[in-house]
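Working through the structure, step by step
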Amino acid sequence: MSSGTPEIATFAEGCFWGVEHIFLKYYPPSENKGILKTSVGYTGGKEDAKNPSYRVVCTGSTDHAEAVRIEFDPSIVKYEELVEFFYRTHDPTTKNQQGKDVGTQYRSAIFYHTPEQLEIAQRVTEEVQKKHFDPIGKKITTDIVSAGEWWDAEDYHQKYLFKNPDGYQCPNHRLHW
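Remember, predicted model here, so these are calculated numbers, not experimental data.

Look at helix α3 (residues 79-88) against helix α4 (residues 115-133): their axes get within 9 Å of each other, and the N-to-C directions meet at 45°. By the angle class used here, α3 and α4 are oblique. For the pair α3 and α4, the sense of crossing is right-handed. Of the residues in α4, those touching α3 at Tyr79, Glu80, Val83, Glu84 and Tyr87 are Gln117, Ile120, Ala121, Arg123, Val124, Thr125, Glu127 and Val128. Residue composition of the contact of α3 with α4, grouped by class: seven nonpolar, two polar and four charged.

Laid out in structure tokens, this is it:
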């Protein structure tokens, strides 16, 4: 069982339904693989855009990203592993887009919560760039920024693809290597 103090990881990589779904598919809390719980929501937006709704975020006027907030046990799964998994499960070389989903809310971003997370995110990004993207001539465009205020998305978005297995899922949310 869990023995570490829980930490938070926050990632944006397109439509948050698929992001949450793939993390929970490979790290199901019931199997004690390190993820304790998740929520989808909005972060990285304008200071004056408080508690935005999905409809408002989709206009692009708030600058928020659709993101997943992951509470994890670092004694079971390291932040470094979650960052690499983040890169494995989307195309980090497309700016503000995943598949047919286009807009700033679909950007690729790592929102770090501590200086240690920043260092790890930068290091893993460099390693992934060299190993997986330099050989094919592509450049990672992921933003690595300090985590700001978090707003949970509306209830119907939480674990959406578990409640709606035939719901829309961006085809980019899969294992790429």
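Further remarks concern the nonpolar core. Phe11, Phe23, Ile70, Tyr79, Leu82, Tyr87 and Ile110 are the most contacted members of the largest nonpolar core, which totals 37 residues. Of all the elements in the fold, those that place two or more residues in this core are β1 (7-13), α1 (16-26), β2 (35-43), β3 (65-72), α3, β6 (108-112), α4 and α5 (160-163). Excluding residues within four positions of it along the chain, Phe11 makes contact with Phe23, Ala67, Val68, Ile70, Tyr79, Leu82, Val83, Phe86, Ala109 and Ile110. Counting residues in each nonpolar core, the second largest holds six residues, with Ala12, Ala67, Ala109 and Trp150 among its members.

Another point: the sheet that holds strand β7 (residues 143-146). On the basis of which strands lie adjacent, the open sheet formed by six strands has the order β7-β6-β1-β3-β2-β8 and mixed pairing. Of all strands in the sheet, those with a lone pairing partner are β7 and β8 (151-152), marking the two edges. As paired elements, β6 and β7 share four bridges and run parallel to each other. Residue Ala109 lies in a different strand from β7, and its bridge partner there is Asp143. The strands touched by α1 are β1, β2 and β3; relative to β2, the strand with the most contacts, the crossing angle is about 170°. Along the sheet, α4 makes contact with β1, β3, β6 and β7, crossing β6 at roughly 150°.

This next bit is on the pairing of β1. For a regular strand, the rule is simple: side chains alternate between the two faces of the sheet. Counting buried positions along β1 gives six out of seven residues, so the element sits mostly inside the fold. Judged from the five bridges that link them, β1 and β3 form a sheet pairing that is antiparallel. Residue Phe11 lies in a different strand from β3, and its bridge partner there is Val68.

Before going further, it helps to spend a moment on α3. Taken together, the buried positions of α3 are Tyr79, Leu82, Val83, Phe85, Phe86 and Tyr87. Of the surrounding secondary structure, the elements contacted by the buried residues of α3 are β1, α1, β2, β3, β6 and α4.

Each pair of packed helices can be described by the angle between their axes along with the distance between the axes. The contact between α1 and α3 brings their axes to 11 Å, and the two run at 125°. The angle between the axes of α1 and α3 places the two elements in the oblique class. The handedness of the crossing between α1 and α3 is right-handed. Of the residues in α3, those in contact with Ile22, Phe23 and Tyr26 of α1 are Leu82, Phe85 and Phe86. Broken down by class, the residue content of the contact of α1 with α3 amounts to six nonpolar, no polar and no charged.

One way to say it: the disulfide is the covalent bond shared by the sulfur atoms of two cysteines. Under the criterion given, the structure shown has zero disulfides. The thiol sulfur of Cys15 is not disulfide-bonded, and the nearest other cysteine sulfur, from Cys170, lies at 7.6 Å. Classification of Cys15 by relative accessible area gives buried; the value is 7%.

What counts and what doesn't
- Residues numbered from 1 in each chain as written.
- Predicted model: local features only at pLDDT ≥ 70, side-chain atom pairs only at ≥ 80, totals over all residues.
- Heavy atoms only, no water.
- Axes fitted to C-alpha atoms, helices over the stretch in contact; angles between N-to-C directions.
- Helix = DSSP H or I, 4+ residues; strand = E, 2+ residues; numbered from the N terminus.
- Parallel < 35°, antiparallel > 145°, perpendicular 65-115°, else oblique.
- Left-handed = near helix turned anticlockwise from the far one by under 90°.
- Contact = heavy atoms within 4.5 Å.
- Nonpolar A, V, L, I, M, F, W, Y, C, P; charged D, E, K, R; others polar.
- Core = buried A, V, L, I, M, F, W, Y, C linked by side-chain atoms within 4.5 Å.
- Buried < 20%, exposed > 50% of the residue type's maximum accessible area, 1.4 Å probe, protein only.
- Pairing = 2+ DSSP bridges.
- Disulfide = S-S within 2.5 Å.

Limitation: the analysis is restricted to geometry and does not speak to function.
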